[in-house]
Amino acid sequence: MDEYKNLLVEAKDGVAVVTLNRPEKLNALNRATFEELAAVQEALSEDAAVRAVVITGAGEKAFAAGADIAEIAACDAAGGKATALFGQGVFARWERFPKPVVAAVNGFALGGGCELAMACHIRLASENAQFGQPEIDLGLTPGYGGTQRLARLVGRGAALELLLTGDRITAARARELGLVNAVFPREKLLEAALALASRLAAKAPLAAAYCIEAVGLGSEMPLEEACYLEATLFGLCCASEDMREGTRAFLEKRKPLFCGR
Ligand code: COA
């Protein structure tokens, strides 16, 4: 794996773990971290040995406490827009990443941290995690897709409550709202995320990529067109070796072994 300054990246048994690593700044997402998140994304997407990714934060307190406020404070209108568009692009590519991405939210997931978690495909949280979009208290709106992904995940009412109050919510409340999939004791979170990612890594890679594509693209389309997209992806699966293997393994009463073709 390449060396990164603000990330730790390890890959083992088909699962890569990307750890945001600026714990002294609660893993706040500065420009350099975003650039590394883009670079690691490219490296992991090309690495056929990696079939699932876990994203988490270093230290005891934070997944990520947001965009780096010191950098944002220096933005003018054009710079702010460019910063938002750059970050949105990086998060959108994580959302479209063709292998399952699990966020292991181990503490504060605020602002850009919450937005990064929302761009992941599945979110697991520790009991001490806290979620929120506190940008309003900085005189800002979220800029990395937060207004859009939050409303899509939890509905407009809860999204506007979080956006307009800037309040932080507990992992339990985030679970109730559908913002996280499951909550674990702090010391069990990474283990649970790795176990889930390992399970996902053993599934048929093409079918996984197509599920991500169908949900990601399809949720923005009229139902009929989205179902047509689904049918096309289903058809592509039917041409894969993995579909032959999966159906044959079922009929032979054994576990399938998928190759990603
Ligand atoms: N950007 C830049 N630095 C940040 C940061 C951010 N988003 N969040 C935390 N930090 C830095 C703090 O400035 C501090 O640095 P310092 O030790 O050099 O002074 C360090 O991280 C630790 O944070 P601190 O505020 O002392 O920790 P805390 O436990 O008292 O409070 C939070 C934790 C998360 C409640 C608080 O840090 C916070 O509100 N952060 C900003 C959250 C936010 O508004 N995010 C949206 C940004 S657009």
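Criteria and thresholds
Residues numbered from 1 in each chain as written. Predicted model: local features only at pLDDT ≥ 70, side-chain atom pairs only at ≥ 80, totals over all residues. Heavy atoms only, no water. Helix = DSSP H or I, 4+ residues; strand = E, 2+ residues; numbered from the N terminus. Buried < 20%, exposed > 50% of the residue type's maximum accessible area, 1.4 Å probe, protein only. Core = buried A, V, L, I, M, F, W, Y, C linked by side-chain atoms within 4.5 Å. Contact = heavy atoms within 4.5 Å. Polar contact = N/O pair within 3.5 Å; in protein donor to acceptor, adjacent residues only side chain to side chain. Axes fitted to C-alpha atoms, helices over the stretch in contact; angles between N-to-C directions. Parallel < 35°, antiparallel > 145°, perpendicular 65-115°, else oblique. Left-handed = near helix turned anticlockwise from the far one by under 90°. Nonpolar A, V, L, I, M, F, W, Y, C, P; charged D, E, K, R; others polar.

Caption draft 1: Fine view of the environment of alanine 32. Within the secondary structure, alanine 32 is located in helix H1 (residues 31-46). By relative accessible area, alanine 32 is classed as partly exposed at 31%.

Caption draft 2: How the structure looks around the nonpolar core. In this structure, Val53, Trp94 and Phe131 are the most contacted members of the largest nonpolar core, which totals 48 residues. In this structure, phenylalanine 131 is in contact with Val105, Ala109, Leu110, Cys114, Ala125, Asp167, Arg168, Ile169, Ala171, Ala174, Leu179 and Val180, ignoring residues within four places of it in sequence. If you look at the next biggest cluster of nonpolar residues, it comprises 13 residues, including Val15, Val17, Val102 and Ala193.

Caption draft 3: Here's a closer look at the environment of threonine 165. If you trace the backbone, threonine 165 turns up in helix H6 (residues 156-165). Classification of threonine 165 as partly exposed rests on a relative accessible area of 36%. Distance from threonine 165 to glycine 132, taken between C-alpha atoms, is 9.4 Å for residues 33 residues apart in sequence. Contacts of threonine 165, omitting those with residues within four sequence positions, involve Ile136, Asp137 and Leu160. Side-chain polar atoms of threonine 165 contact the backbone oxygen of glutamate 161, separated by 2.7 Å. Within polar-contact distance, the side chain of threonine 165 engages the backbone nitrogen of aspartate 167 at 3.0 Å.

Caption draft 4: Representation of the packing of helix H5 (residues 146-154) against H6 in the model. One way to put it is that H5 packs onto H6 with a least axis distance of 7 Å and a crossing angle of 135°. The angle between H5 and H6 places the two elements in the oblique class. Considering the relative orientation of H5 and H6, their crossing is right-handed. Counted together, Thr147, Leu150, Ala151 and Val154 of H5 and Arg156, Ala158, Ala159, Leu162 and Leu163 of H6 form the full contact between these two elements. Partitioning the contact of H5 with H6 into residue classes produces seven nonpolar, one polar and one charged.

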